[in-house]
Each structure stands twice: as structure tokens, then as C-alpha cells.
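In case you want the letters, here they are:
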Amino acid sequence: MLRSGALRLCAPGVLRGPRRSAAPPTRESRPPPRSFASEVIRVDLSLPNPSWSKDMRLLFDQFMKKTEDGSWKRLPSYKYVSPQRTEVKTFFPDGKPVKEDHMPQAQLFPRSLEEGLGFEYAMFHNHVENRTVCIFQGGPYLQGASGFLHGGAIATMMDSTLGVCALTAGGVAMTANLNINFRRPIPLCSVVVINSQLDKVEGRKLFVSCNVQSVDGKTLHSKATSKKMPLCLFSLV
Amino acid sequence: MPKHICSSPSAGWGLGPAKGPKHLWVLCRTSPALHLQRQTAAESRVTERDRGLYCIGRTKVHPESAPLLCCFLKSPPAVLPAQPQSSAMLKRGFQVAGRLSQHRVLPGVPRVLPRLNLTSAFGSSTDSLVSRFCLEKTGLKDYAVPNASWCPDMLSLYHELQEKTKTDGWVKLPSFKSNRDHIQGLKLPFGLSVASGERDWRIFTRCVQGEGQGYEYVIFFHPSKKKSICLFQPGPYLEGAPGFAHGGSLAAMMDETFSKTAYLAGEGLFTVSLNIRFKNLIPVGSLAVLNVDVEKIEDQKLYMSCIAQSRDQQTVYAKCSGVFFQLPLEKESPQ
């Protein structure tokens, strides 16, 4: 029972952050993910749209070229989270999530704003080097200090990217600790590249880190380190 | 007489007498010429140059306070124009207070120079910042007021704190759709300003417009204790794990509360660092109470701590410490 519960928990529907349509490479023996026939039509939002700036498209094309040889892979990203709450209760018995009828429109946070207004991003994963890159364009609704991106917005993106990095290494993980050093403010509506990698694994803990750079690589905007705790206790079995 | 001129090949600074005239001479480099700009006691200027090096000048108001000038030049001193007038101004005007070694600029890495800001001597006091921030009759929509989506916990705690604004010195902060609305008449220092096109810009924590869908929050600030309390209710658009708020949304709420507290407590503007320890997930639609304290103000930085917990304090959601960088805003020039 526990094992099957763990496998359900590791299904894509319980993920935080962008999800993948295929099972993670570390668990080939698992059954294929459940179909989501009950959900609305899922639109992959990690693809260019009219709100993407020139810089963003250029970067996207560069990374898509890299996917041709198979070492890089583009990760799809969807708006709606599959309603699989019972499994989370196994690990958060004290949590009392609000009933489903009160939240008919639950949406994954970085995908909850209209096209071009909030988070526009695409993630790419390199399983050879074990790192994840996210290209991110912050829209006009993510303002902090006048004319610059909100610190919390870039923190959300870093958390998402680090979460995906940890996911590919150790399964679904919850953030235990997030430590960000901001170096330089990011102008609103500009494009940045978030490079993350797995630093080490200590027992059940995953240590991941990332940095945020401008498109030309010359400006370091911020750096972060994070400790992630996998939710799936049996991921290494 | 200047004590020392730079030794680094890519950056340098000039020092002057510890006690000097009331006016400060700021050395700025624009390519290709070198300018000297005189500053009045009330003004300061931040200027960004091509390699991201900044020149900041401050004036001293009281002779006994510690003045500071950090002046960074891109080129070695040999390139300085040999003008008797400018060197005389340098000798007479520059005043430096310690810690310059910490401000050494690394080649190729743009950094904003910190500077001393003794709140008592420089800048605005907390009370004047609060009164400017909480202007009434602005005609702008204040989002930090109860609406139908607020849960009962949030409503009752809101009313409790509203009572305290009359008796205990607490202030409820208004929340407009853009930070620009909070700082009418002020702007970022020259060099940090970004191109306009801001009509449709919104502050991140007011990005979701539907009532109860995204961030529902209100911040109460206590000017003399330099504390804040933020009542935060995440909506379904802030979801991460199913049924629970995204960790990033709490990080953003903490950053926003820090930001308002830092601004009012000491003109803090930009986040330097955030260190968040997550303990528990916040269920969507429930109340989280964020208590923020200003621990200290040192080296032009504000150090704050925050703890996010349930109303009964039985569940701790996260603990966070944040550092903000002080940077007073300039007045907009009349047009």
C-alpha cells in the first residue's frame, strides 16, 4: 500500500512547478503515468507566443537547436494542476486543504496570469550534465521597485527552476530552504537565463543551486542555493 | 589634503579630510571627459557608468557625524585631467569614512556602491516617510481593504488591528496597484531609472485582479517599534502543490512586506538577500500572519526577520531573514 501510494505521489499531477509528460528517467520500471482524460485540454505554455520578445525567441531557438542531438530536452508546462490531493495528505497530515468546490480555478502559480503579463518562461533540461536552464521574461504585472522586477517574482522562478532540477534528480521534492543573494535589479520586461544544477545529495536531502544572468551572460543578477526534501520516500528503491 | 589616491588599476577613490566643508564634491566620470558636480546638502546622486561602476556622493549635515564619499573611477589616476581647479576641488571637497576596502569594485562586476546613511542625520525620518506613504484622498484604489473573499479569521484579525491603529500607534498601509503610485513626486536616482511605458505595470503582489483569486493581504506598520504585521490569504491562482500555496508566492509576500517595512523604517529599496526556511505548506484560502521585525540598520543595509504562522501560532509556515539596501529616492524635477 505504501509503495503504491508513493508511486501515485510521484505521478506528474502532484508536481510543483512545470511538469513533464514522460516519467523521470530514473524510474523506468514504473508504470506509465495516468491519463488525464478528465481534465480540460492541456495547452503547453512553454512555447513562443506573441508576447515573447526578440531576445526570448532567439534564446529559445538556440536551446531548441541543442535539443536536436538528444542531450537537451524541452520541458512542457501546463496551467492546471491535476486534482490529486489525497496523496499529499499522506505526507502532510496536518494540512487542511480547502475543499475543491471552493476553488474551481486552481492554477499553477507561475502560469496563472494572462499571456505576456506575468511569467513567460521555458525550461530545458540536460540529463547528461544534470542541469536545468530556464529562460524567463518577466511581464508588466511582476513589478517591484518602479521599473524593475519584483524580488518575489524572481524568487518564484528560481524556486520553480530549482524544483525541476531536484525533480529530475530525486523525484517530487518540497523546498526546505531557499537562500537568494540579489546582486543587481532586473529591469521589467527583460529576459534572463536561470542556470541551475544539482550540487550534492545527502541522504534524503538534495542541494541545488542556480544563478540568474542576463542574455549576454555579462551581468549576474542573483544567485541562490536551495535544499529540497523529496516527498517520495521510496524514490531510491 | 587627500590622503590617498587609488591603487587599483580599475577603480580608485580619493580621500579627504575628516572634517571639511558642508558641501561635497562628487566626482563622476562620463566618457570621455571628467566632470565635477556640486551637490547641495539635501541631494545625493547615483550615476551608472559604462562598466557598471557607480559614483555616489553624499553631503554631511553635521560636522560630527561620519561623512562618506565613495568615488569610483574607471581609469587609473594617471588619466585624470590635470586641471589645477579640479584637483584643488578634490583636495578640498572629498571626505571619506572607513570601510572603503569593502567597497572595492571587482573588474567587470557591476555593483551598487553602498554608503552610510545615518537616519538621524540624513534622509527622511520614519514619521515623514509614513505620512507621505499614507496620503489620503489620492483617488487611487486601495486594495488592502476587506472584501467578500476574505476568510473569517482574516476579517476578525483585521478589525482587531484596525482598533489598534487608533490606540496603539499602528498604521494600516494602503496598497495601490503600482509602486509608482506610492511614491508620487519621487523617482529612482538617475542611472537606475528605466524607460517608461509603465501605464499597465502592476506590482507583483497585486497582479491577480479577481477578488480572492491571488494575493489578498494587508500590512500594518508600527513606526516607533519598526515592526510590521501582514495578513496574507493566498488564492487558488497561487497554487503549487495541489491545495497549497506555491512556495514562491510566500517568498514574494515576505519580500513585499520586507520591502514596505524597509522603506518606511529606513528608505530601504532593493533586496540584497533573502533566506527562507520553509516548514509547512499554507493551504489555499487560509490565513497566514507574517510578523516582521527590523533587527538592525548597519552599513546602509536594513536587516529584517519574518516569521509566517497560523493565527493561533500553532503552525509555523516559514521563517525568513532579509537584507535591504538603503537608497533614498530623488524628487522629480518640476516639468
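Below: a short report on this structure.

Cut-offs and rules
- Residues numbered from 1 in each chain as written.
- Chains lettered and ligands numbered in written order.
- Predicted model: local features only at pLDDT ≥ 70, side-chain atom pairs only at ≥ 80, totals over all residues.
- Heavy atoms only, no water.
- Helix = DSSP H or I, 4+ residues; strand = E, 2+ residues; numbered from the N terminus.
- Buried < 20%, exposed > 50% of the residue type's maximum accessible area, 1.4 Å probe, protein only.
- Contact = heavy atoms within 4.5 Å.
- Areas by Shrake-Rupley, 256 points an atom, 1.4 Å probe, with all protein chains shown as cover.
- Core = buried A, V, L, I, M, F, W, Y, C linked by side-chain atoms within 4.5 Å.
- Polar contact = N/O pair within 3.5 Å; in protein donor to acceptor, adjacent residues only side chain to side chain.
- Axes fitted to C-alpha atoms, helices over the stretch in contact; angles between N-to-C directions.
- Parallel < 35°, antiparallel > 145°, perpendicular 65-115°, else oblique.
- Left-handed = near helix turned anticlockwise from the far one by under 90°.
- Nonpolar A, V, L, I, M, F, W, Y, C, P; charged D, E, K, R; others polar.
- Salt bridge = Lys/Arg side-chain N within 4 Å of Asp/Glu carboxyl O.
- Phe/Tyr/Trp six-rings, centres within 6.5 Å; stacked < 30°, edge-to-face > 60°.
- Lys NZ or Arg CZ within 6 Å of the ring centre and 35° of its normal.
- Expected span 1.5 Å × (residues − 1).
- Arc of directions from axis to C-beta.
- Pairing = 2+ DSSP bridges.

**Quick notes on the overall build of chain A**
Counting secondary structure elements, chain A contains 4 helices and 7 strands. Shown N-terminal to C-terminal, the secondary structure of chain A runs as helices and strands in the order α-α-β-α-β-β-α-β-β-β-β. Counting across all 237 residues of chain A, residues that qualify as buried make up 57%. The long-range share in chain A, meaning contacts at least 24 apart out of those at least 6 apart in sequence, stands at 69%.

**Notes on the overall build of chain B**
Within chain B, the secondary structure is distributed over 5 helices and 14 strands. Evaluated residue by residue, chain B yields a buried proportion of 54% over its 335 residues. Contacts in chain B between residues far apart in sequence, at least 24 positions, make up 70% of those at least 6 positions apart. Just so you have it, chain B exposes about 14400 Å², and 52% of that area is on carbon and sulfur atoms.

**Considering the nonpolar core**
Phe136 and Ile154 of chain A together with Phe232 and Leu290 of chain B are the most contacted members of the largest nonpolar core, which has 86 residues in total. Discounting chain neighbours no more than four positions away, the residues touching isoleucine 154 of chain A are Phe136, Leu149, Phe182, Ile186, Val192, Ile194 and Val212 of chain A.

**A few points about the side chain of asparagine 147 of chain B**
Residue and element names in this part refer to chain B. Locating asparagine 147 in the fold gives a position in the loop between helix H2 (126-133) and helix H3 (152-167). For asparagine 147, a relative accessible area of 18% gives the class buried. There is a polar contact of 2.5 Å between the side chain of asparagine 147 and the side chain of serine 149. Other than its neighbours up to four places away in sequence, asparagine 147 contacts Glu211 and Glu216.

**Regarding the packing of helix H4 (residues 151-170) of chain A against helix H5 (residues 247-266) of chain B**
At a minimum axis distance of 8 Å, the contact between H4 of chain A and H5 of chain B shows a crossing angle of 155°. Considered as vectors, H4 of chain A and H5 of chain B are oriented roughly antiparallel to each other. Note that H4 of chain A runs across H5 of chain B; the crossing there is right-handed. Counting all contacts with H4 of chain A, which are made through Gly151, Gly152, Ala155, Thr156 and Asp159 of chain A, the residues of H5 of chain B involved are Gly247, Gly248, Ser249, Ala251, Ala252 and Asp255 of chain B. Split by residue class, the contact of H4 of chain A with H5 of chain B holds 3 nonpolar, 6 polar and 2 charged.

**A short note on the pattern of salt bridges**
Pairing of side chains with opposite charge becomes possible as their charged atoms draw close. Taken as a whole and assessed by the stated rule, the structure comprises 11 salt bridges over all chains. As a salt-bridge pair, glutamate 129 of chain A and arginine 131 of chain A come within 2.7 Å of each other at their nearest N and O atoms. Put simply, lysine 260 of chain B and glutamate 256 of chain B hold a salt bridge, and the shortest N to O gap is 2.6 Å. Within this pair, lysine 260 of chain B and its partner glutamate 256 of chain B are both found in helix H5, separated by 4 residues, close to a single helical turn. Salt bridges linked by common partners bring Asp153, Glu160 and Arg311 of chain B together as one network.

**Let's talk about the packing of aromatic side chains**
One pass over the full model with this rule turns up 15 aromatic pairs over all chains. With a centroid separation of 5.4 Å and an interplanar angle of 70°, the aromatic rings of phenylalanine 63 of chain A and tryptophan 72 of chain A are classed as edge-to-face. For phenylalanine 63 of chain A, a relative accessible area of 8% translates into the label buried. Ring geometry for phenylalanine 258 of chain B and phenylalanine 324 of chain B: centres 6.5 Å apart, planes at 65°, overall edge-to-face. Pair noted here: phenylalanine 258 of chain B is in helix H5 and phenylalanine 324 of chain B is in strand S13 (residues 316-326), with a separation of 66 residues, a long-range link. Judged by its relative accessible area of 0%, phenylalanine 258 of chain B falls in the buried class. The ring centre of tyrosine 217 of chain B lies 3.9 Å from the NZ or CZ of arginine 206 of chain B, which sits over that ring. Above the ring of tyrosine 303 of chain B, the side-chain terminus of lysine 296 of chain B is found at 4.8 Å from the ring centroid.

**Comments concerning the packing of H2 of chain B against H5 of chain B**
All names here are of chain B. Relative to each other, H2 and H5 sit at 125°, their axes nearing to 6 Å. Overall, the two elements H2 and H5 adopt an arrangement that is oblique. Across from Thr126, Leu129, Val130 and Phe133 in H2, the residues of H5 making contact are Lys260, Tyr263, Leu264 and Ala265. Residue composition of the contact of H2 with H5, by class: 6 nonpolar, 1 polar and 1 charged.

**Some remarks on H3 of chain B**
Residues and elements named next belong to chain B. Counted at 1.5 Å a residue, the expected span for H3 with its 16 residues is 22 Å, and the 23 Å between its end C-alpha atoms agrees. Of all the positions in H3, only Met154, Leu157, Tyr158 and Leu161 are classed as buried. Seen along its axis, H3 keeps its buried residues to an arc of 110°; they face one direction. Facing away from the buried side of H3 by over 90 degrees, the exposed positions are Pro152, Lys166 and Thr167. In the core, the buried residues of H3 are packed alongside strand S6 (171-172), strand S8 (215-222), strand S9 (227-234) and strand S11 (288-298). Just beyond H3, the residue with positive phi is glycine 169, at close to 90°.

**With respect to the pairing of S9 of chain B**
Residue and element names in this part refer to chain B. S9 sits mainly inside the fold: 7 of its 8 residues count as buried. Taken together, the 6 bridges between S9 and S11 define a ladder with antiparallel strand orientation. Residue cysteine 230 lies in a different strand from S11, and its bridge partner there is leucine 290.

**Observations regarding the environment of methionine 254 of chain B**
Residues and elements named next belong to chain B. Summarising the element assignment, methionine 254 is placed in helix H5. We classify methionine 254 as buried; its relative accessible area is 0%. In this structure the C-alpha to C-alpha distance between methionine 254 and leucine 290, which are 36 residues apart in sequence, comes to 7.5 Å. The contact partners of methionine 254, leaving out residues within four places of it in the chain, are Ile276, Leu290, Cys306, Ala308, Ala318, Lys319 and Cys320.

**Considering the pairing of S11 of chain B**
As a general feature of sheets, a regular strand has side chains that alternate between the two faces. All names here are of chain B. One ladder, built from 9 bridges, connects S11 with strand S12 (residues 301-309); its direction is antiparallel. When the bridges of S12 are listed, valine 294 appears paired with methionine 304. Counted along the chain from S11 to the antiparallel partner S12, the turn is 2 residues long, and its residue aspartate 299 has a positive phi close to 55°.

**Notes on H4 of chain A**
Residues and elements named next belong to chain A. The terminal C-alpha atoms of H4 lie 28 Å apart, and with 20 residues this matches the ideal 28 Å at 1.5 Å per residue to within 8%. In terms of burial, H4 is largely enclosed, as 19 of its 20 residues are buried. Where H4 terminates, the next one or two residues include glycine 171, which has phi positive at roughly 90°.

Remember that the coordinates give geometry; whether it matters functionally is a separate question.
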